[in-house]
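Listed below, chain by chain, are the residues.
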Amino acid sequence: MAALNRLLRTRGLLSSSPFTSTACRSYSSPAAESERKFSFGGSIGNNKIPRKDPSERDVQWVFLGCPGVGKGTYASRLSNLLGVPHIATGDLVRDELSSKGPLSQKLAVIVNQGKLVSDEIIISLLSKRLEAQEAKGESGFILDGFPRTIRQAEILEGVTDIDLVVNLKLREDILVEKCLGRRICNQCAKNFNIANINVKAENGNPGIYMAPLPPPAGCESKLITRADDTEEVVKQRLRIYNELVCSSHHVTNLQ
């Protein structure tokens, strides 16, 4: 657990941001505790994912939150700090889109309309990524944007142990502004943001300041906007996400 020790020495990284609130918990149950004593395999789709004792692997964390909240920013920074792979389901979808494979045309329609990609497609893409990671000998991960449904959460919990879940939150008007300011360099594929957000504190609400994340000189002329980063699509994605979250909370509370 060397990676976790490195994190503990630099604790406070997440809470340093004034525009996010986090809710964290570990998955634990009597069954899970007994299962941790053994090493056995589970499967996502048709792929086998080995379950390892926590003492023999790096951290396995999940970052949740609505589109544009900053999951990727925090997950990527912690990924570098901890030395574990950052696996973003959004990136998996975009990689599949750019591959021009059998799924690309279907995914293009879904993404450009701001709709959620089905569980079947997401699970298939994620299982391939985890299988490739295991083949390379990589240990641990930070999942970004998965799970998004109860079914996805149940599948994930059934095949591996999740040590920590972080849920990020941000006001919707700020989320829209952030998403509209996102840019990608079409050469190096790095992400930047031209939005300059400065909301004054009022009515008991804290102020929110988010400086732009400008590109270096070499990327300035190569910036592009994601096809789904239009105001109409962003608001549609947020609406669907909020409906999904409310539905999930309702189902969970009934159990």
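Given the structure is predicted, the values throughout are model-derived calculations rather than measurements. (Residues numbered from 1 in each chain as written. Predicted model: local features only at pLDDT ≥ 70, side-chain atom pairs only at ≥ 80, totals over all residues. Heavy atoms only, no water.)

**Q** Describe in detail the confidence of the model for the protein, supporting the description with residues and values.
**A** Chain-level statistics for the protein give a pLDDT mean of 76 and a share of 76% at 70 or above. Here helix α2 (residues 30–35) is the element of the protein with the lowest mean pLDDT, 34, and strand β12 (residues 223–224) is the one with the highest, 96. Taken together, the stretch residues 1–43 has pLDDT below 50 and engages in 75 contacts with residues farther than four places along the chain or on a different chain. A low-confidence stretch, residues 249–255 (pLDDT under 50), is modelled with 2 contacts involving residues beyond four sequence positions or located in other chains. (pLDDT = per-residue confidence, 0-100. Helix = DSSP H or I, 4+ residues; strand = E, 2+ residues; numbered from the N terminus. Contact = heavy atoms within 4.5 Å.)

**Q** Describe helix α7 (residues 150–159), listing the residues and the values that go with them.
**A** For α7, every residue scored as buried is listed here: Gln152, Leu156 and Val159. Seen from one end, α7 has its buried residues packed into an arc of 75 degrees, which puts them on one side. (Buried < 20%, exposed > 50% of the residue type's maximum accessible area, 1.4 Å probe, protein only. Arc of directions from axis to C-beta.)

**Q** An account of helix α4 (residues 89–99) is needed here, citing residue identities and associated values.
**A** Every buried residue of α4 is listed here: Thr89, Leu92, Val93, Glu96 and Leu97. Buried residues along α4 cover an arc of 140 degrees about the axis, so they all sit on one side. The secondary structure elements touched by the buried residues of α4 are β5 (86–88), α5 (104–112), α6 (119–135) and β6 (141–144). In the segment just after α4, Lys100 is the residue with positive phi, at about 60 degrees.

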